[in-house]
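For reference, the chains in residue letters:
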Amino acid sequence: MFGEQRTRALLKPIDPARHSTIAPPRLSAHDLINRAEAIAEPVAPRRQARPTRRLVLTAGTLAVAVGAVAIAQTFGPNGPDTSQIASPPGADPGVVLVPVAYGSGAGAAGSQLRALASRLATTEYDNRTGRYMYHHTKTWGDPVMTSADGRHHVAFADDTKVWQAVDGTGQQVTVQLEPQYPDQESRNYWQRNLKPKAAASATHAPDSFPLPPMDLAPLPSGRAQLNDLLKVRFGAGAVSNEVSMVYGRYVVPRQTRAEILRVLAEVPGFLWRGEVTDRAGRKGVAITFDDRDNNAQSLLIFDPNTGELLAHERLTLSPVRISSYQVILDTAWTDRLN
Amino acid sequence: MGPPGKRDEDWFTRVYAADYGQVQRYGQRRLADIEAAAELAQEVFVIAWRRRREVPDRSLPWLYGVARRLLANEWRARRGTPDVLPMTDANLLQKPGVSGADATVGVADLQAALFTLADLDQEILRLVGWEELTVSEAAQVLGCTRTTAAVRLHRARRRLNDAMSYRSGSPAQQPVLASPRKAM
(Lines give C-alpha, C1' and ligand atoms only; values in the text may rest on other atoms or scores of the structure.)
Protein backbone atom coordinates (compact mmCIF):
# COMPACT_ATOMS: atom_id res chain seq x y z
CA MET A 1 0.00 0.00 0.00
CA PHE A 2 1.17 3.55 -0.82
CA GLY A 3 4.21 2.01 -2.51
CA GLU A 4 5.65 0.79 0.78
CA GLN A 5 6.92 -2.49 -0.66
CA ARG A 6 8.29 -0.83 -3.76
CA THR A 7 10.08 1.74 -1.61
CA ARG A 8 11.66 -1.04 0.46
CA ALA A 9 12.70 -2.99 -2.61
CA LEU A 10 14.28 0.12 -4.07
CA LEU A 11 16.12 1.31 -0.99
CA LYS A 12 17.13 -1.87 0.81
CA PRO A 13 20.28 -2.34 -1.30
CA ILE A 14 21.61 1.00 -0.02
CA ASP A 15 20.57 0.56 3.60
CA PRO A 16 23.79 1.38 5.51
CA ALA A 17 22.72 -0.88 8.37
CA ARG A 18 21.62 -3.90 6.39
CA HIS A 19 24.74 -5.91 7.16
CA SER A 20 25.53 -4.37 10.50
CA THR A 21 25.81 -6.51 13.57
CA ILE A 22 24.42 -4.78 16.58
CA ALA A 23 26.64 -5.16 19.61
CA PRO A 24 24.81 -5.83 22.85
CA PRO A 25 23.96 -2.62 24.65
CA ARG A 26 26.60 -1.50 27.08
CA LEU A 27 24.02 -1.11 29.81
CA SER A 28 21.44 -3.68 30.83
CA ALA A 29 17.84 -2.60 31.15
CA HIS A 30 18.28 -2.51 34.91
CA ASP A 31 21.40 -0.35 34.67
CA LEU A 32 19.70 1.96 32.24
CA ILE A 33 16.81 2.41 34.64
CA ASN A 34 19.29 3.21 37.39
CA ARG A 35 20.96 5.74 35.13
CA ALA A 36 17.64 7.29 34.23
CA GLU A 37 16.70 7.55 37.90
CA ALA A 38 20.11 8.84 38.97
CA ILE A 39 20.32 11.65 36.47
CA ALA A 40 17.59 14.12 37.12
CA GLU A 41 15.53 14.86 34.07
CA PRO A 42 15.86 18.46 33.00
CA VAL A 43 12.84 20.15 34.44
CA ALA A 44 11.61 23.27 32.78
CA PRO A 45 10.22 25.90 35.05
CA ARG A 46 6.60 25.07 35.46
CA ARG A 47 4.21 27.91 35.10
CA GLN A 48 1.69 28.18 37.86
CA ALA A 49 -1.62 26.85 36.75
CA ARG A 50 -4.59 29.09 36.56
CA PRO A 51 -7.92 28.33 35.05
CA THR A 52 -8.26 29.44 31.49
CA ARG A 53 -11.36 30.43 29.69
CA ARG A 54 -9.60 30.48 26.38
CA LEU A 55 -10.25 26.85 25.63
CA VAL A 56 -13.93 27.34 26.28
CA LEU A 57 -13.85 29.74 23.41
CA THR A 58 -12.22 27.23 21.10
CA ALA A 59 -15.41 25.67 19.90
CA GLY A 60 -16.84 29.06 19.10
CA THR A 61 -13.73 30.11 17.29
CA LEU A 62 -13.74 26.92 15.26
CA ALA A 63 -17.39 27.42 14.43
CA VAL A 64 -16.59 30.86 13.11
CA ALA A 65 -13.70 29.45 11.13
CA VAL A 66 -15.77 26.66 9.68
CA GLY A 67 -18.70 28.87 8.86
CA ALA A 68 -16.79 31.75 7.43
CA VAL A 69 -13.89 30.50 5.40
CA ALA A 70 -13.81 33.70 3.52
CA ILE A 71 -12.08 34.50 0.30
CA ALA A 72 -12.61 31.15 -1.29
CA GLN A 73 -14.88 30.13 -4.05
CA THR A 74 -16.71 26.87 -4.28
CA PHE A 75 -17.94 25.46 -7.52
CA GLY A 76 -21.05 23.39 -7.78
CA PRO A 77 -21.73 20.89 -10.49
CA ASN A 78 -23.43 23.47 -12.73
CA GLY A 79 -20.78 26.12 -12.78
CA PRO A 80 -19.01 28.61 -10.67
CA ASP A 81 -20.55 30.01 -7.56
CA THR A 82 -19.07 33.40 -6.97
CA SER A 83 -20.00 33.48 -3.33
CA GLN A 84 -17.22 34.83 -1.16
CA ILE A 85 -18.18 32.47 1.67
CA ALA A 86 -17.19 28.87 1.21
CA SER A 87 -19.20 25.93 2.31
CA PRO A 88 -18.20 24.30 5.57
CA PRO A 89 -15.30 21.92 5.08
CA GLY A 90 -16.63 18.64 3.88
CA ALA A 91 -19.71 19.94 2.19
CA ASP A 92 -17.97 20.38 -1.13
CA PRO A 93 -14.55 18.86 -1.68
CA GLY A 94 -13.73 21.39 -4.31
CA VAL A 95 -12.56 24.66 -2.88
CA VAL A 96 -10.46 26.66 -5.27
CA LEU A 97 -8.28 28.97 -3.23
CA VAL A 98 -8.22 32.65 -4.00
CA PRO A 99 -5.45 34.89 -2.70
CA VAL A 100 -6.27 37.24 0.15
CA ALA A 101 -7.44 40.53 -1.33
CA TYR A 102 -5.68 43.80 -0.53
CA GLY A 103 -5.51 47.24 -2.07
CA SER A 104 -3.01 48.05 -4.77
CA GLY A 105 -1.47 51.02 -3.00
CA ALA A 106 1.40 50.09 -0.76
CA GLY A 107 4.38 51.66 0.88
CA ALA A 108 7.25 50.44 2.99
CA ALA A 109 5.85 48.76 6.08
CA GLY A 110 8.40 49.99 8.63
CA SER A 111 6.58 53.00 10.07
CA GLN A 112 3.21 51.23 10.21
CA LEU A 113 4.74 48.21 11.95
CA ARG A 114 6.46 50.41 14.52
CA ALA A 115 3.21 52.29 15.13
CA LEU A 116 1.36 49.02 15.60
CA ALA A 117 4.05 47.79 17.99
CA SER A 118 3.67 50.90 20.11
CA ARG A 119 -0.05 50.47 20.71
CA LEU A 120 -0.49 46.73 21.25
CA ALA A 121 -3.27 45.63 23.54
CA THR A 122 -3.02 42.57 25.76
CA THR A 123 -4.74 39.41 24.66
CA GLU A 124 -6.39 36.81 26.86
CA TYR A 125 -3.40 34.52 27.22
CA ASP A 126 -1.16 37.39 28.32
CA ASN A 127 -2.67 37.01 31.77
CA ARG A 128 -2.87 33.23 31.85
CA THR A 129 -0.43 30.47 32.58
CA GLY A 130 -0.38 26.71 32.24
CA ARG A 131 1.59 23.58 31.64
CA TYR A 132 0.93 23.40 27.91
CA MET A 133 1.08 25.82 25.04
CA TYR A 134 -1.99 25.17 22.95
CA HIS A 135 -2.27 25.98 19.26
CA HIS A 136 -5.11 25.33 16.91
CA THR A 137 -4.18 25.84 13.29
CA LYS A 138 -5.49 25.14 9.84
CA THR A 139 -2.86 24.57 7.20
CA TRP A 140 -2.75 23.78 3.52
CA GLY A 141 0.11 23.20 1.14
CA ASP A 142 2.39 20.76 2.95
CA PRO A 143 2.76 18.75 0.94
CA VAL A 144 1.28 19.62 -2.42
CA MET A 145 0.71 16.75 -4.83
CA THR A 146 1.46 17.64 -8.43
CA SER A 147 0.47 15.84 -11.60
CA ALA A 148 3.13 14.18 -13.70
CA ASP A 149 3.19 17.10 -16.14
CA GLY A 150 3.68 19.54 -13.26
CA ARG A 151 0.60 21.61 -14.09
CA HIS A 152 -2.04 20.46 -11.65
CA HIS A 153 -1.80 20.74 -7.89
CA VAL A 154 -3.79 19.58 -4.91
CA ALA A 155 -3.28 19.44 -1.17
CA PHE A 156 -5.45 18.46 1.75
CA ALA A 157 -6.19 21.02 4.40
CA ASP A 158 -5.28 19.90 7.93
CA ASP A 159 -6.86 21.02 11.17
CA THR A 160 -4.30 20.55 13.93
CA LYS A 161 -4.43 21.02 17.68
CA VAL A 162 -1.18 20.79 19.60
CA TRP A 163 -0.67 20.81 23.34
CA GLN A 164 3.05 21.07 24.02
CA ALA A 165 4.90 21.56 27.28
CA VAL A 166 8.22 23.33 27.34
CA ASP A 167 9.99 19.96 27.43
CA GLY A 168 8.39 19.12 24.09
CA THR A 169 5.97 16.50 25.37
CA GLY A 170 2.25 16.72 24.87
CA GLN A 171 -0.33 15.70 22.35
CA GLN A 172 -1.08 16.43 18.72
CA VAL A 173 -4.42 15.83 17.08
CA THR A 174 -4.72 16.36 13.36
CA VAL A 175 -7.86 16.02 11.29
CA GLN A 176 -7.49 15.88 7.58
CA LEU A 177 -10.01 18.13 5.90
CA GLU A 178 -11.01 18.52 2.29
CA PRO A 179 -8.71 18.72 -0.71
CA GLN A 180 -8.24 22.27 -1.95
CA TYR A 181 -6.89 23.50 -5.24
CA PRO A 182 -4.87 26.54 -6.28
CA ASP A 183 -6.76 26.92 -9.57
CA GLN A 184 -9.76 25.64 -11.46
CA GLU A 185 -7.69 23.56 -13.89
CA SER A 186 -6.13 21.69 -11.00
CA ARG A 187 -9.55 21.09 -9.51
CA ASN A 188 -10.86 19.69 -12.76
CA TYR A 189 -7.84 17.45 -13.21
CA TRP A 190 -7.70 16.07 -9.68
CA GLN A 191 -11.41 15.53 -9.39
CA ARG A 192 -11.01 13.20 -12.36
CA ASN A 193 -7.87 11.54 -11.05
CA LEU A 194 -7.96 11.62 -7.26
CA LYS A 195 -9.18 8.34 -5.80
CA PRO A 196 -12.69 8.81 -4.46
CA LYS A 197 -11.65 7.56 -1.05
CA ALA A 198 -8.80 10.01 -0.85
CA ALA A 199 -10.96 12.86 -2.04
CA ALA A 200 -13.78 12.16 0.36
CA SER A 201 -13.67 14.90 2.88
CA ALA A 202 -14.37 15.18 6.57
CA THR A 203 -14.52 11.43 6.93
CA HIS A 204 -11.10 10.92 8.43
CA ALA A 205 -10.72 10.06 12.07
CA PRO A 206 -8.35 12.35 13.93
CA ASP A 207 -4.72 11.29 14.02
CA SER A 208 -3.78 11.61 17.66
CA PHE A 209 -0.40 10.84 19.08
CA PRO A 210 1.80 11.79 22.01
CA LEU A 211 4.68 14.14 21.34
CA PRO A 212 8.10 12.81 22.30
CA PRO A 213 10.35 15.05 24.36
CA MET A 214 12.55 17.62 22.68
CA ASP A 215 14.47 20.70 23.63
CA LEU A 216 12.07 23.53 23.07
CA ALA A 217 14.29 26.53 23.51
CA PRO A 218 12.66 29.38 25.40
CA LEU A 219 11.32 32.14 23.20
CA PRO A 220 13.75 35.05 23.48
CA SER A 221 12.52 38.58 23.94
CA GLY A 222 15.66 40.59 23.18
CA ARG A 223 16.26 42.13 19.78
CA ALA A 224 19.55 40.37 19.03
CA GLN A 225 18.22 36.93 19.92
CA LEU A 226 15.03 37.54 17.96
CA ASN A 227 17.04 38.64 14.95
CA ASP A 228 18.87 35.33 15.16
CA LEU A 229 15.77 33.22 15.75
CA LEU A 230 13.87 34.90 12.93
CA LYS A 231 16.84 34.51 10.54
CA VAL A 232 16.91 38.21 9.74
CA ARG A 233 20.26 37.78 7.99
CA PHE A 234 18.53 35.72 5.27
CA GLY A 235 16.02 38.42 4.38
CA ALA A 236 12.29 38.96 4.44
CA GLY A 237 11.24 35.63 2.92
CA ALA A 238 13.02 33.61 5.59
CA VAL A 239 11.81 35.99 8.29
CA SER A 240 8.20 35.46 7.18
CA ASN A 241 8.55 31.70 7.54
CA GLU A 242 10.18 32.00 10.95
CA VAL A 243 7.55 34.41 12.29
CA SER A 244 4.93 31.88 11.24
CA MET A 245 6.87 29.10 12.96
CA VAL A 246 7.22 31.12 16.18
CA TYR A 247 3.51 31.89 16.41
CA GLY A 248 2.61 28.31 15.57
CA ARG A 249 4.84 26.93 18.32
CA TYR A 250 4.97 29.47 21.17
CA VAL A 251 2.51 31.52 23.15
CA VAL A 252 4.04 34.91 22.41
CA PRO A 253 3.74 37.53 25.15
CA ARG A 254 2.83 41.12 24.34
CA GLN A 255 6.31 42.57 24.75
CA THR A 256 7.73 39.96 22.40
CA ARG A 257 4.94 40.52 19.89
CA ALA A 258 5.85 44.19 19.85
CA GLU A 259 9.54 43.38 19.47
CA ILE A 260 8.81 41.02 16.57
CA LEU A 261 6.93 43.81 14.80
CA ARG A 262 9.91 46.13 15.36
CA VAL A 263 12.23 43.47 13.95
CA LEU A 264 10.02 43.18 10.88
CA ALA A 265 10.05 46.98 10.54
CA GLU A 266 13.82 46.88 10.07
CA VAL A 267 13.84 44.12 7.44
CA PRO A 268 13.99 45.57 3.93
CA GLY A 269 11.30 44.61 1.46
CA PHE A 270 8.06 44.40 3.44
CA LEU A 271 5.15 46.43 2.08
CA TRP A 272 2.17 47.58 4.16
CA ARG A 273 -1.10 46.28 2.67
CA GLY A 274 -3.53 47.68 5.22
CA GLU A 275 -6.72 46.02 6.32
CA VAL A 276 -7.54 42.54 4.99
CA THR A 277 -9.78 39.61 5.90
CA ASP A 278 -8.13 36.27 6.55
CA ARG A 279 -9.47 32.84 5.62
CA ALA A 280 -11.18 32.52 8.99
CA GLY A 281 -13.11 35.72 8.33
CA ARG A 282 -11.10 37.84 10.78
CA LYS A 283 -10.06 41.42 10.17
CA GLY A 284 -6.35 41.99 10.23
CA VAL A 285 -3.56 44.10 8.82
CA ALA A 286 -1.20 42.63 6.27
CA ILE A 287 2.34 43.00 5.04
CA THR A 288 3.83 41.32 1.99
CA PHE A 289 7.26 40.58 0.63
CA ASP A 290 7.79 39.88 -3.07
CA ASP A 291 10.70 37.53 -3.69
CA ARG A 292 11.07 38.06 -7.44
CA ASP A 293 14.09 35.79 -7.70
CA ASN A 294 12.02 32.86 -6.50
CA ASN A 295 8.72 33.97 -8.02
CA ALA A 296 7.15 33.99 -4.56
CA GLN A 297 5.28 36.30 -2.26
CA SER A 298 4.96 36.00 1.51
CA LEU A 299 1.97 37.52 3.25
CA LEU A 300 1.61 37.96 7.00
CA ILE A 301 -1.67 39.03 8.62
CA PHE A 302 -1.62 40.46 12.15
CA ASP A 303 -4.36 41.22 14.58
CA PRO A 304 -4.67 45.04 14.46
CA ASN A 305 -5.13 45.29 18.23
CA THR A 306 -2.99 42.60 19.81
CA GLY A 307 -0.33 42.15 17.12
CA GLU A 308 -0.76 38.36 17.12
CA LEU A 309 -0.08 36.61 13.85
CA LEU A 310 -3.39 35.46 12.39
CA ALA A 311 -2.18 33.93 9.13
CA HIS A 312 0.80 33.35 6.89
CA GLU A 313 0.44 32.63 3.19
CA ARG A 314 2.79 32.03 0.31
CA LEU A 315 1.95 32.67 -3.32
CA THR A 316 3.62 32.26 -6.64
CA LEU A 317 3.73 35.62 -8.39
CA SER A 318 3.44 34.41 -11.94
CA PRO A 319 0.87 33.02 -12.21
CA VAL A 320 -0.62 34.42 -9.01
CA ARG A 321 -1.47 31.26 -7.14
CA ILE A 322 -1.57 30.08 -3.53
CA SER A 323 1.33 27.84 -2.54
CA SER A 324 0.55 27.35 1.14
CA TYR A 325 -1.28 28.90 4.02
CA GLN A 326 -1.42 28.63 7.79
CA VAL A 327 -4.28 30.15 9.77
CA ILE A 328 -3.77 30.30 13.54
CA LEU A 329 -7.24 29.88 14.98
CA ASP A 330 -6.47 29.81 18.67
CA THR A 331 -3.56 30.08 21.08
CA ALA A 332 -3.69 29.52 24.83
CA TRP A 333 -2.00 28.32 27.96
CA THR A 334 -3.66 25.33 29.54
CA ASP A 335 -3.01 22.59 32.09
CA ARG A 336 -5.08 19.96 30.36
CA LEU A 337 -4.84 17.95 27.17
CA ASN A 338 -8.08 18.16 25.19
CA MET B 1 -3.48 3.41 20.96
CA GLY B 2 -5.03 2.12 24.14
CA PRO B 3 -4.04 2.93 27.68
CA PRO B 4 -0.60 1.60 28.53
CA GLY B 5 -0.37 -1.63 30.46
CA LYS B 6 1.80 -2.18 33.48
CA ARG B 7 4.96 -0.18 32.97
CA ASP B 8 7.43 -1.79 35.32
CA GLU B 9 10.99 -3.04 34.92
CA ASP B 10 9.79 -6.25 33.24
CA TRP B 11 7.94 -4.26 30.62
CA PHE B 12 10.98 -2.05 30.04
CA THR B 13 13.31 -5.03 29.80
CA ARG B 14 11.09 -6.57 27.11
CA VAL B 15 10.89 -3.34 25.09
CA TYR B 16 14.63 -2.76 25.46
CA ALA B 17 15.43 -6.27 24.28
CA ALA B 18 13.01 -6.10 21.40
CA ASP B 19 13.70 -2.60 20.09
CA TYR B 20 17.25 -1.62 21.06
CA GLY B 21 18.76 -3.03 17.88
CA GLN B 22 16.25 -1.26 15.68
CA VAL B 23 16.84 2.06 17.41
CA GLN B 24 20.59 1.69 17.09
CA ARG B 25 20.22 0.91 13.40
CA TYR B 26 18.12 4.07 13.08
CA GLY B 27 21.11 5.97 14.40
CA GLN B 28 23.59 4.12 12.21
CA ARG B 29 21.60 5.06 9.13
CA ARG B 30 21.76 8.75 9.98
CA LEU B 31 25.12 9.18 11.66
CA ALA B 32 28.62 8.51 10.44
CA ASP B 33 29.71 7.24 13.83
CA ILE B 34 28.63 3.86 15.21
CA GLU B 35 29.56 4.92 18.73
CA ALA B 36 27.31 7.93 18.41
CA ALA B 37 24.50 5.66 17.22
CA ALA B 38 24.92 3.48 20.32
CA GLU B 39 24.86 6.54 22.56
CA LEU B 40 21.77 7.77 20.80
CA ALA B 41 20.00 4.44 21.35
CA GLN B 42 20.84 4.45 25.05
CA GLU B 43 19.59 7.99 25.43
CA VAL B 44 16.34 7.09 23.67
CA PHE B 45 15.71 4.33 26.20
CA VAL B 46 16.59 6.56 29.13
CA ILE B 47 13.81 8.82 27.93
CA ALA B 48 11.53 5.85 27.30
CA TRP B 49 11.88 4.80 30.94
CA ARG B 50 11.27 8.29 32.25
CA ARG B 51 8.27 8.65 29.96
CA ARG B 52 7.09 5.06 30.24
CA ARG B 53 3.48 6.09 30.86
CA GLU B 54 3.43 7.82 27.47
CA VAL B 55 5.00 5.04 25.41
CA PRO B 56 2.37 3.41 23.19
CA ASP B 57 2.07 -0.37 23.09
CA ARG B 58 3.46 -0.30 19.56
CA SER B 59 6.56 1.46 20.78
CA LEU B 60 8.95 1.62 17.82
CA PRO B 61 7.47 4.65 16.01
CA TRP B 62 7.44 6.55 19.31
CA LEU B 63 11.07 5.56 19.96
CA TYR B 64 12.05 6.65 16.46
CA GLY B 65 10.28 9.94 17.09
CA VAL B 66 12.37 10.45 20.24
CA ALA B 67 15.53 9.56 18.32
CA ARG B 68 14.64 11.98 15.53
CA ARG B 69 14.14 14.81 18.01
CA LEU B 70 17.32 13.96 19.89
CA LEU B 71 19.24 14.05 16.65
CA ALA B 72 17.71 17.40 15.77
CA ASN B 73 18.61 18.77 19.20
CA GLU B 74 22.12 17.38 18.94
CA TRP B 75 22.61 18.75 15.48
CA ARG B 76 21.39 22.18 16.48
CA ALA B 77 23.64 22.18 19.52
CA ARG B 78 26.72 21.11 17.58
CA ARG B 79 26.31 23.15 14.45
CA GLY B 80 29.41 25.12 15.38
CA THR B 81 31.68 22.13 15.83
CA PRO B 82 29.95 19.15 14.29
CA ASP B 83 31.76 16.03 15.44
CA VAL B 84 28.65 13.96 14.82
CA LEU B 85 27.99 14.21 11.16
CA PRO B 86 24.76 13.30 9.50
CA MET B 87 25.32 10.66 6.90
CA THR B 88 24.64 13.11 4.10
CA ASP B 89 27.57 15.25 5.20
CA ALA B 90 29.94 12.40 5.83
CA ASN B 91 30.89 11.93 2.19
CA LEU B 92 30.24 8.27 2.67
CA LEU B 93 30.53 7.41 -0.97
CA GLN B 94 34.16 8.37 -1.06
CA LYS B 95 35.18 6.17 1.85
CA PRO B 96 37.01 3.11 0.63
CA GLY B 97 35.29 -0.07 1.49
CA VAL B 98 32.03 1.47 2.57
CA SER B 99 30.28 0.85 -0.68
CA GLY B 100 31.61 -2.76 -0.70
CA ALA B 101 29.18 -5.04 -2.43
CA ASP B 102 27.24 -2.01 -3.58
CA ALA B 103 29.98 -0.86 -5.88
CA THR B 104 27.79 -0.82 -8.87
CA VAL B 105 26.92 2.27 -10.78
CA GLY B 106 23.22 1.87 -10.08
CA VAL B 107 23.49 1.60 -6.32
CA ALA B 108 26.01 4.42 -6.11
CA ASP B 109 23.71 6.58 -8.19
CA LEU B 110 20.79 5.72 -5.97
CA GLN B 111 22.74 6.68 -2.85
CA ALA B 112 23.92 9.90 -4.39
CA ALA B 113 20.44 10.74 -5.63
CA LEU B 114 18.93 10.08 -2.20
CA PHE B 115 21.40 12.44 -0.56
CA THR B 116 20.41 15.27 -2.88
CA LEU B 117 16.82 15.24 -1.64
CA ALA B 118 15.48 17.59 1.01
CA ASP B 119 15.61 16.18 4.54
CA LEU B 120 11.88 15.54 4.79
CA ASP B 121 11.93 13.62 1.51
CA GLN B 122 14.90 11.56 2.65
CA GLU B 123 13.34 10.85 6.02
CA ILE B 124 10.03 9.51 4.74
CA LEU B 125 11.94 7.27 2.32
CA ARG B 126 14.26 6.03 5.07
CA LEU B 127 11.44 5.40 7.53
CA VAL B 128 9.49 3.31 5.04
CA GLY B 129 12.37 1.82 3.09
CA TRP B 130 14.88 1.12 5.86
CA GLU B 131 12.96 1.14 9.13
CA GLU B 132 10.12 -0.66 7.32
CA LEU B 133 7.43 1.42 8.95
CA THR B 134 4.00 1.63 7.45
CA VAL B 135 2.91 5.01 6.17
CA SER B 136 0.76 5.46 9.27
CA GLU B 137 3.70 4.74 11.55
CA ALA B 138 5.97 7.05 9.58
CA ALA B 139 3.31 9.73 9.95
CA GLN B 140 3.53 9.33 13.71
CA VAL B 141 7.29 9.81 13.66
CA LEU B 142 6.99 12.89 11.47
CA GLY B 143 4.01 14.36 13.32
CA CYS B 144 1.70 14.54 10.35
CA THR B 145 -1.42 12.79 9.09
CA ARG B 146 -1.34 9.46 7.29
CA THR B 147 -2.49 11.14 4.10
CA THR B 148 0.21 13.77 4.35
CA ALA B 149 2.82 11.07 4.86
CA ALA B 150 1.45 9.13 1.90
CA VAL B 151 1.67 12.21 -0.31
CA ARG B 152 5.18 12.94 0.97
CA LEU B 153 6.23 9.39 0.16
CA HIS B 154 4.74 9.63 -3.31
CA ARG B 155 6.44 12.95 -3.93
CA ALA B 156 9.76 11.79 -2.50
CA ARG B 157 9.77 8.68 -4.67
CA ARG B 158 9.13 10.79 -7.74
CA ARG B 159 11.88 13.23 -6.82
CA LEU B 160 14.24 10.33 -6.22
CA ASN B 161 13.42 8.94 -9.63
CA ASP B 162 13.90 12.39 -11.18
CA ALA B 163 17.25 12.75 -9.44
CA MET B 164 18.31 9.30 -10.66
CA SER B 165 17.32 10.09 -14.23
CA TYR B 166 19.06 13.41 -14.11
CA ARG B 167 22.25 11.89 -12.79
CA SER B 168 22.35 9.13 -15.33
CA GLY B 169 21.65 11.57 -18.16
CA SER B 170 24.00 14.32 -17.07
CA PRO B 171 26.37 13.19 -14.37
CA ALA B 172 28.18 16.49 -14.10
CA GLN B 173 25.04 18.31 -13.07
CA GLN B 174 23.11 18.11 -9.87
CA PRO B 175 19.37 17.73 -9.97
CA VAL B 176 17.38 20.83 -9.20
CA LEU B 177 14.79 19.96 -6.61
CA ALA B 178 11.93 21.99 -5.37
CA SER B 179 12.36 22.95 -1.76
CA PRO B 180 9.67 21.85 0.63
CA ARG B 181 7.07 24.52 1.05
CA LYS B 182 6.91 24.21 4.77
CA ALA B 183 8.25 21.95 7.42
CA MET B 184 5.82 21.52 10.27
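Just above sits the structure.
Residues numbered from 1 in each chain as written. Chains lettered and ligands numbered in written order. Predicted model: local features only at pLDDT ≥ 70, side-chain atom pairs only at ≥ 80, totals over all residues.

Trainee: Would you explain the overall build of chain A in this entry?
Mentor: For chain A, the count of helices and strands is nine helices and 15 strands. Out of the 338 residues in chain A, the part that is buried amounts to 41%. Contacts in chain A between residues at least 24 apart in sequence constitute 65% of all its contacts with a sequence separation of at least 6. (Helix = DSSP H or I, 4+ residues; strand = E, 2+ residues; numbered from the N terminus. Buried ≥ 20, exposed ≤ 12 C-beta atoms within 10 Å, placed from the backbone. Contact = placed C-beta atoms within 7 Å.)

Trainee: What is the right way to read the overall build of chain B from this model?
Mentor: Helix and strand counts for chain B stand at seven helices and zero strands. Secondary structure elements of chain B occur, N-terminal to C-terminal, as α-α-α-α-α-α-α. Expressed as a percentage of the 184 residues in chain B, the buried residues total 44%. Long-range pairs, those at least 24 residues apart, make up 59% of the contacts in chain B between residues at least 6 apart in sequence.

Trainee: Explain the interface of chain A and chain B here, please?
Mentor: For an interface, size is often stated in terms of accessible area lost upon the parts coming together. With 47 residues of chain A in contact, the opposing surface of chain B contributes 54 residues. Secondary structure elements with two or more residues in the side of chain A that touches chain B: helix H1 (4-11), helix H2 (29-38), strand E8 (153-164), strand E9 (170-181), strand E10 (207-211) and strand E15 (320-334) of chain A. For the side of chain A that touches chain B, the element with the most residues is H2(A), which contributes six residues. Among the residues making up the side of chain A that touches chain B, the classes are represented as 24 nonpolar, 12 polar and 11 charged. (Nonpolar A, V, L, I, M, F, W, Y, C, P; charged D, E, K, R; others polar.)

Trainee: Hey, could you run me through the packing of H2(A) against helix H1 (residues 9-30) of chain B in this one?
Mentor: The angle between the axes and the distance between the axes are what describe a pair of packed helices. Where H2(A) meets H1(B), the axes come as close as 9 Å, and the angle between the chain directions of the two elements is 115°. Accordingly, the angle class assigned to the pair H2(A) and H1(B) is roughly perpendicular. The handedness of the crossing between H2(A) and H1(B) is right-handed. Residues Ala29(A), His30(A), Leu32(A) and Ile33(A) of H2(A) form the contact with H1(B), whose own contacting residues are Glu9(B), Phe12(B), Thr13(B) and Tyr16(B). Residue composition of the contact of H2(A) with H1(B), grouped by class: five nonpolar, two polar and one charged. (Axes fitted to C-alpha atoms, helices over the stretch in contact; angles between N-to-C directions. Parallel < 35°, antiparallel > 145°, perpendicular 65-115°, else oblique. Left-handed = near helix turned anticlockwise from the far one by under 90°.)

Trainee: Looking at this structure, I do not really get the environment of Gly237(A). What am I missing?
Mentor: Residue and element names in this part refer to chain A. Among the secondary structure elements, Gly 237 is positioned in helix H8 (residues 236-249). Each C-alpha atom, one on Gly 237 and one on Asn 294, is 9.8 Å from the other, the two residues being 57 residues apart in sequence. If near-sequence neighbours (up to four positions away) are discounted, Gly 237 is found in contact with Phe 289, Asp 291, Ala 296 and Ser 298.

Trainee: Is there a simple way to explain the environment of Glu178(A) in this structure?
Mentor: Mapped onto the elements, Glu178(A) comes out in strand E9. When the C-alpha atoms of Glu178(A) and Phe156(A) are compared, they prove to be 5.6 Å apart, with 22 residues separating the residues in sequence.

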